[in-house]
Amino acid sequence: MSRIRPFLCAVAALFALTTLAQAETVYHRGNAGDPKTLDAHQTSIDVEANILWDLLEGLVAYDAAGKVVPGAAESWTMSQDGTVYTFKLRADGKWSNGDPVKASDFVFSFRRIMDPQTAAKYASLHYPIRNAEKINKYEMKPEELGVKAVDDLTLEIALERPTPYFLELLTHQTALPMHQASVEKFGKDFVRPGNFVSNGAYSLAENVPGDHIKVVKNPHYWDAANVKVDVVMFYPTEDNAAAVRRFMARELDTNYQFPIDQLPFLKEKLGGQVKTSPYLAIEYYAINNKKEPFSDPRVRRALAMAIDRDFLADKIWSGAAVPAYSLVPPGINGYTPAEAEFAALSQLDREDEAKKLIEEAGYGPGGKPLKIEIRYNTNDAHKKVATAIADMWKQVFGAEVTLLNTDIKTHYAHLQNRGDFDVARAGWVGDYADAQNFLYLGVTGNAVGNYSQFSNAKFDELVKTSDATLDPAERAKIMAEAEAILLAEMGLIPILNRTSLHLVSDKVKGWADNVRNVHRSRYISIER
Amino acid sequence: MLTYTLRRLLSAAPTLFVIVTVAFFLVRFAPGGPFDLEQPLAPQVLDNLRRAYSLDQPLHVQYLDYLGKLVRGDFGPSYVAIDFTVGEMLRRALPYSVTLGLSALALAIFGGVAAGVFAALRQNSAADYSVMTVATVGVTVPNFVVAPVLQLVFGLMLGLLPIGGWGDGGLAHRLMPTVALALPQMAVIARLTRSSMIEALRADHIRTLRASGLPGHVIIRHALKGALLPVISYLGPAAAALVTGSVVIEKIFAIPGIGAYFVEGALNRDYTLVMGTVVTLAGFVVVFNLLVDLAYAALDPRVRYD
Amino acid sequence: MTDGTLATDAAAAKPAPAGHSLLALAMRRLLRNRAAVAGSIVLALITLFCVAGPWLSPHPYDRVYRSYVAMPPSLELYPKESALAGAMGEALERARLAMADFSVDGDSFRVTLRSDRPIDPRNTRYIERLDEFADPRVVETLDEGRTLVVAGRVNRQLFLMGTDRSGRDLMTRIMVGGRISLLVGLLATFVSLVIGVAYGAIAGFAGGRVDNLMMRFVDVLYSLPFVFFVILLVVYFGRDFVLIFVAIGAVEWLDMARIVRGQTLALKRREFVQAAEALGVGTGGILRRHIVPNLLGPVVVFVTLMVPKIILLESFLSFLGLGVQAPLTSWGVLISEGAANIQSAPYLIIFPSIFFVATLFALNFIGDGLRDALDPRDR
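Everything numeric here is computed off the predicted structure, so don't read it as measured data.

S.K.: Explain the overall build of chain B to me, please; I cannot follow it from the model alone.
M.R.: Per the secondary structure count, chain B includes 11 helices and zero strands. In chain B, the succession of helices and strands from N to C terminus is α-α-α-α-α-α-α-α-α-α-α. Projecting the C-alpha coordinates of chain B onto the three principal axes gives extents of approximately 85 × 55 × 30 Å. Buried positions account for 49% of the 306 residues belonging to chain B.

S.K.: What am I meant to see in the UniProt feature "transmembrane region" (unreviewed entry) in chain B here?
M.R.: Residue and element names in this part refer to chain B. Per the UniProt record, the feature "transmembrane region" (unreviewed entry) sits at residues 12-30, 98-121, 133-163, 175-193, 231-253 and 273-299. Each end of residues 175-193 is marked by a C-alpha atom, and these two atoms are 24 Å apart; helix forms 100% of the span and strand 0%. Taken as a whole, residues 231-253 contains 96% helix and 0% strand, while its terminal C-alpha atoms sit 29 Å from one another.

S.K.: Can you help me understand the sheet that holds strand 5 (residues 84-89) of chain A in this one?
M.R.: Within a sheet, adjacent strands bond to each other through the backbone by hydrogen bonds, running parallel or antiparallel. Residues and elements named next belong to chain A. Read from one edge to the other, the open sheet built from four strands follows the order 4-5-7-6, with strand pairing classed as antiparallel. For this open sheet the edge positions go to strand 4 (73-78) and strand 6 (147-151), each flanked by a neighbour on one side alone. Strand after strand, the sheet turns through a mean of 25 degrees between neighbouring axes, direction not considered. Here strand 5 pairs with strand 7 (residues 154-158) via five bridges, running antiparallel. Directly across from Tyr85, in strand 7, lies its bridge partner Ile157. Contacting strand 5, strand 6 and strand 7, helix 3 (residues 103-114) runs over the sheet at an angle of about 170 degrees to strand 6.

S.K.: Quick question: what am I supposed to make of the domain arrangement of chain C here?
M.R.: Frequently, the measure chosen for interface size is the accessible area removed from exposure when the parts meet. For chain C, the domain assignment lists domain 1 (43-54 + 162-378) and domain 2 (81-154). Between the C-alpha centres of domain 1 of chain C and domain 2 of chain C the distance comes to 55 Å.

S.K.: Looking at this structure, how should I read the interface of chain A and chain B?
M.R.: Taken together, the contact between chain A and chain B spans 44 residues of the former and 44 residues of the latter. Of all the secondary-structure elements, those providing two or more residues to the side of chain A that touches chain B are helix 7 (240-248) and helix 13 (408-416) of chain A. When residues of the side of chain A that touches chain B are assigned to their parent elements, the largest contribution, seven residues, is made by helix 13 of chain A. Its residues assigned to classes, the side of chain A that touches chain B shows 18 nonpolar, 13 polar and 13 charged.

Parameters and conventions
Residues numbered from 1 in each chain as written. Chains lettered and ligands numbered in written order. Predicted model: local features only at pLDDT ≥ 70, side-chain atom pairs only at ≥ 80, totals over all residues. Helix = DSSP H or I, 4+ residues; strand = E, 2+ residues; numbered from the N terminus. Buried ≥ 20, exposed ≤ 12 C-beta atoms within 10 Å, placed from the backbone. UniProt positions renumbered as here; feature names shortened; annotations may be inferred. Pairing = 2+ DSSP bridges. Axes fitted to C-alpha atoms, helices over the stretch in contact; angles between N-to-C directions. Contact = placed C-beta atoms within 7 Å. Domains from an automatic or database assignment. Nonpolar A, V, L, I, M, F, W, Y, C, P; charged D, E, K, R; others polar.

Here is the structure:
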């Protein structure tokens, strides 16, 4: 188990004897950070999801390859008009304390997240559920939510309107169920080890913030027979350069995130243990559509074209990112993202075209000087990208580019409060695998996410239509049309699609790269 | 002495009050808030959150509210790590930091004093110069350089020590962080001890002792008593420097102490966590300075409690 | 700083003997101290390197050489001969052209391009774009434009200390970083000096209740967790790095104030000051002739030891990601970037560290030397 260190020899030998007897498999998992909470309704970040998906299982879940598969529900049906889903729960579904998983647990959970008093950060994600938004705004009572238990094993969810991506949405960690009795009994403390009742493959054993979270196999889990790892230790490996050293010293079996700078070095040292795989993450530059000269679509397009994305992806991100010419990352089932039309041109042609556009707009050499300030949140990779882009804009049309970094809170507060800016770095990771989740960034009414303040009636109209279109192919077509408009206007500048960065030891089996970047420990086995 | 201690502790109350007030308004006036996230929140959700945390109240109401709770020992809930109250977080994290800090302080004092005395007794010899050179390196190399180098050498190359984590809190896990944290302070103390020891050895009463033929170690002990005074008065700043250093060291070695709360709290605008950390540290500084003064008085007969 | 105070307490105890200026004596003693002299020379050289270097360097500090990302240090010129053909091949691949022949002769190159269709001469820009080559021009057009012969210059560059992760010359960045680090060190020290001396002198002169009150305030400030304030300051003034250090200086004056107050209090009671008073010398005269010269010692020592402290603090902030705005840099930023790459590119930490440590060493030696020089007991 643990490596034997010379001066701990004797102790370690004793220890080894005892562990041999138990022979439990422990999976040491570097998780890139501490969860802010284990309350599924309060969660907002990926490191929380990684733990919660091990502890709890929603109606539907992801398999190792990131595909939606039955979870706590074994089957479901959708009404003709697409507004009512009926889920059949597993008869052998059990909580970690032995209680059966009942439809009423789900009713309780959905009511709880919509209750404004819960103040759930991602409540808005579930607004498609009937009456959800009104409840969250104190306009209705939680009991009026469109989720009801027909019997112990039958759950009916009614929606406001057809929501084609509803099943995808249910995979989100905020849709995970809660054990009604324990939440009611312990209140806010239900997340503590000893109180936390879970229905997933694991149950919570220890939580020492900053040090580790220990989860142990849940014997009551319906598929417990196929769960190979007995104990998962999650470590908040905040300093990822140090985490790499821990991984290399074999203190960790897998680790999430590593410094992109080190990718070539790591590939050389660790070979196939370094996993980079595309996922639903877009890095883009918001560009102030309401401010001269960026209100001119020609200027926006020129700026977008002058960015040599290949250089950014290969050299700055060391291959841990791929050039992006569309807002929606590739990899969403049934959706082919629209591409900016200049994607087909060579970088040289793009630059020529960019120069022309800038000239037409009356800026650059011979015209008004082009001054651009790039804002980004403090981060090494963002800094390098901004530095490189500043250099590109300078070289292509002699723009005067300055950089401004602020810490992440200031950065986003500034953007969300509509502070003055020219160009600002932003990123989006899909909450669920549907293009709608990305296109929403360009919708006029989106008061907070549309930093560029892009506004186009036709685009809004198409997004709205797509939300109500049930036929997947038809819907994908409409969304792609909307995306094409956004890109033609260059309402925001897509730059890169990030890849997920994992270090996975040779000893770990069952790991599969996937676009959702979900890796549930229940599929992992470890060879010692 | 008891009255002196009590008076000092009493006079700490207004100090703490000023600190709490200044810190409270400073964090509040920083741009951004705890709920400005990379993935933005819906306005309705934001309203709900602000209401849940009473952030919708006027600032002076929040301030009085906070003071009231603080007096009762309630640090409030954390805005970011919402599963815990700030009190719980501090209680949990403090032992790690205190253990680490005290072992580093002990190492710095013993190592530093020993090296300083050693160098002073061999003033201007090669040994003196090499000790002082090493000490100067210790002062000048930032500990975020020392720490990864230690990790590389002892963890990865030699495989002797674990690279990160607190583990069972045993010596193996503590050794590298303690050394990395102690090094700069050890160096300062070595330099201090050396110069004051040289001075002390030249003092009249030591010369007299020497002339009377007392054995060497007795003379050293006498000289050291006086030479330690500047070291002791340096302990206050040393403790403060250790706090700063622990922010770096705890991060690199993945130790769950309060070092991270400092920076994370401020960057996350976790108001209550920042306040809790500030109050705890200020209290710690007050008590520590008092201890230093008492120790100083015990060693220096000229100082009286007045 | 404490040892500085101690030593100079004694300095203050004995007024300068007639005939010798205190300063001249101190100077003579300082020049005898080899470590201090060496330190001064090193410091002067590094300062010169940082201040003048960027003007002499062939590389702007913010110039990104896309062909030379993270190149190790080398005495040889880049590009290396072996890399030329590869670089050309890559450029042509992007232009979707085939490379038929490539030769380098001294500082010029000749390449033959081929394609199935006539080649747009604009394509030479793919070559020009590379940092390795310059002035490409078409010298021959064959096969109705399907074959082009292009000649030009090989652009040779020197990266003595290598390039960083963004393809910028590390040496130039160390120079510019040094400017910033030294500047913030001096600036913050200056601010703390002004505030500290004024505050300390007032408290010392006034004495009594005013002194008591002022020093209580200093005690309160001493209990503030300093790191926390620095972090908040950065969050406030994040835009302007220099401003941060003005602010840091405004927080760091506490030691100075204590030292100056102590000195002033002590000096006020000295016989020579009282004698001067009795002889009817005005306050100004006393200040000029007696107080200031005697304050100078501890203040100078304080300054030389304060600057390295601030430079270290700057590096600490950089480690936390709160350093100076890109593309500007500082030694702290360079070192913390290097520390993240310590395994894959050790030169990125070694070179900035050498300058950083050498400077701090020099400042410490000078500080020690000054303290000894101003300590008259050594006579």
